[in-house]
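What follows is the residue order along each chain.
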Amino acid sequence: MSRRSKAVKSKERRASTGESQHMRLQHFLALAGVASRRQSEKLMLAGHVRVNGNTARELGTKVDPLSDVVELDGKRVQIEKKFYVLLNKPRGYLSSVGDARGRRTVSELVADIPARLYPVGRLDMDTDGVLLMTNDGELCHRLTHPRFEVEKTYHAEVEGTPSREAMEDLQRGVVIDGVRTSPARARILRSSEDRSLLEITVHEGRKRQVKRMCETVGHPVARLTRVRFGDIGLGSLEPGQHRLLSDAEVAGLL
Ligand code: URA
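Quick caveat: nothing in here was measured; it's all calculated off a predicted structure. (Residues numbered from 1 in each chain as written. Predicted model: local features only at pLDDT ≥ 70, side-chain atom pairs only at ≥ 80, totals over all residues. Heavy atoms only, no water.)

A. Structural context of the sheet that holds strand 3 (residues 54-55). One open sheet accounts for 4 strands, arranged 3-2-5-6; its pairing is antiparallel. With partners counted over all chains shown, the strands left at the sheet margins are strand 3 and strand 6 (75-77), one partner each. Where strand 2 (residues 49-51) meets strand 3, 2 bridges bridge the pair, whose relative direction is antiparallel. Each residue of the ladder has a partner; that of R50, found in strand 3, is T55. (Pairing = 2+ DSSP bridges. Helix = DSSP H or I, 4+ residues; strand = E, 2+ residues; numbered from the N terminus.)

Structure, rendered in structure tokens:
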């Protein structure tokens, strides 16, 4: 077996057994969010970093992230485990970590997860459904950036029955605050005398976007639920319940 395929095999084995991998100290410090690799090297050279009680000035120093004790100026540094959570957000909760006005926030609903989780984007207080929460800042940024075009699907209960023209306007994009929304998918799922249920898929995340799109075509939203974010749907989660995403689901988001 070549040296390269041996290395790959050994990496796979370590990943599958959860066995730790040694890494350069400056890489460890960067992953832990202390500073960039370059800045971390400076901290090492200046004697700020200790590994298992010994000052580590050598730039080649390697550490085992699971067993070595790394300190910066005497304070323990650790790589935070990343959590990816799907919450079925109930109505009446703010999509934020805390609220100065004491309103209920989605953080309360994931309090059993041992990390500070941030919502990936926002749902209005009175919108329910799929809300991803994570402490992975990079993924959070990617998923909320319009450039990555993650599709979000909503079920909107609207007043009246939209005409074919109104549905085509929703699909083509409507002008909100002087800017046209990107093309969307929109269809009527069912219609009764005074209400209709629409399914709308967008990939932008402008403030109150779906409500304003529907308002603009003359059909105000009475109730809004996000049923899908990318490939992730609600499944059997009841409002207020959450679960961890599987590795495959996280990989799909990446
Ligand atoms: N669009 C809205 O209008 N509200 C939401 O909460 C999400 C999308």
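B. Local environment of the pattern of salt bridges. Going through the model one piece at a time under the given rule, you end up with 12 salt bridges. Between R103 and D99 there is a salt bridge, with its nearest N and O atoms 2.9 Å apart. Residue class for R103 comes out partly exposed when judged on its relative accessible area of 30%. D169 is the partner of R172 in a salt bridge, and the nearest nitrogen-oxygen pair spans 3.0 Å. One end of the pair, R172, and the other, D169, are both in helix 5 (residues 164-172), 3 residues apart, so they sit about a helical turn from each other. In this structure, a network of salt bridges that share partners links the residues D124, D126 and K211. (Salt bridge = Lys/Arg side-chain N within 4 Å of Asp/Glu carboxyl O. Buried < 20%, exposed > 50% of the residue type's maximum accessible area, 1.4 Å probe, protein only.)

C. Representation of the domain arrangement of the protein chain within the structure. In terms of domain boundaries, the protein chain breaks down into domain 1 (3-77), domain 2 (84-146 + 233-253) and domain 3 (151-229). Computed from C-alpha coordinates alone, the two centres of domain 2 and domain 3 are separated by 23 Å. Facing the 15 residues of domain 2 at the interface are 11 residues of domain 3. In total, domain 2 and domain 3 occlude about 1100 Å² of area from one another, counting both sides; carbon and sulfur atoms represent 44% of this. (Domains from an automatic or database assignment. Contact = heavy atoms within 4.5 Å. Buried area = accessible area lost by both parts, 1.4 Å probe.)

D. Examining the site of the ligand more closely. Residues in close proximity to the ligand include L123, D124, T127, Y154, R208, Q209, V210, K211 and L224, which together make up its full environment. Within the backbone of Q209, one N or O atom sits 3.4 Å away from an oxygen atom of the ligand. A distance of 3.1 Å separates a nitrogen atom of the ligand from a polar backbone atom of V210. In the complex, 96% of the free accessible area of the ligand, which totals 240 Å², lies under the protein chains. Here the shell around the ligand takes 3 residues from helix 6 (residues 209-216), the largest share from any one element. Grouping the amino acids of the shell around the ligand by side-chain chemistry returns 4 nonpolar, 2 polar and 3 charged. A domain split of the shell around the ligand shows at least three residues from each of domain 2 (84-146 + 233-253) and domain 3 (151-229). (Near = heavy atom within 4 Å. Polar contact = N/O pair within 3.5 Å; in protein donor to acceptor, adjacent residues only side chain to side chain. Areas by Shrake-Rupley, 256 points an atom, 1.4 Å probe, with all protein chains shown as cover. Nonpolar A, V, L, I, M, F, W, Y, C, P; charged D, E, K, R; others polar.)

E. Highlighting the environment of L245. Here L245 shows up in the loop between strand 17 (242-244) and helix 7 (247-253). Accessibility expressed as a relative area gives 10% for L245, which makes it buried. A sequence separation of 95 residues divides L245 from V150, and the C-alpha atoms of the two residues are 17 Å apart. Setting aside residues no more than four positions away along its own chain, L245 makes contact with Y84, V85, L86, L132, I232, V250 and L253.

F. Structural view of the nonpolar core. M133, L170, I200 and M213 are the most contacted members of the largest nonpolar core, which totals 31 residues. For this core, the domains that each give at least three residues are domain 2 (84-146 + 233-253) and domain 3 (151-229). If near-sequence neighbours (up to four positions away) are discounted, M133 is found in contact with F83, Y84, V85, L87, V106, S107, V110, L117, Y118, P119 and V120. If you look at the next biggest cluster of nonpolar residues, it comprises 16 residues, including Y84, L86, V150 and F229. (Core = buried A, V, L, I, M, F, W, Y, C linked by side-chain atoms within 4.5 Å.)

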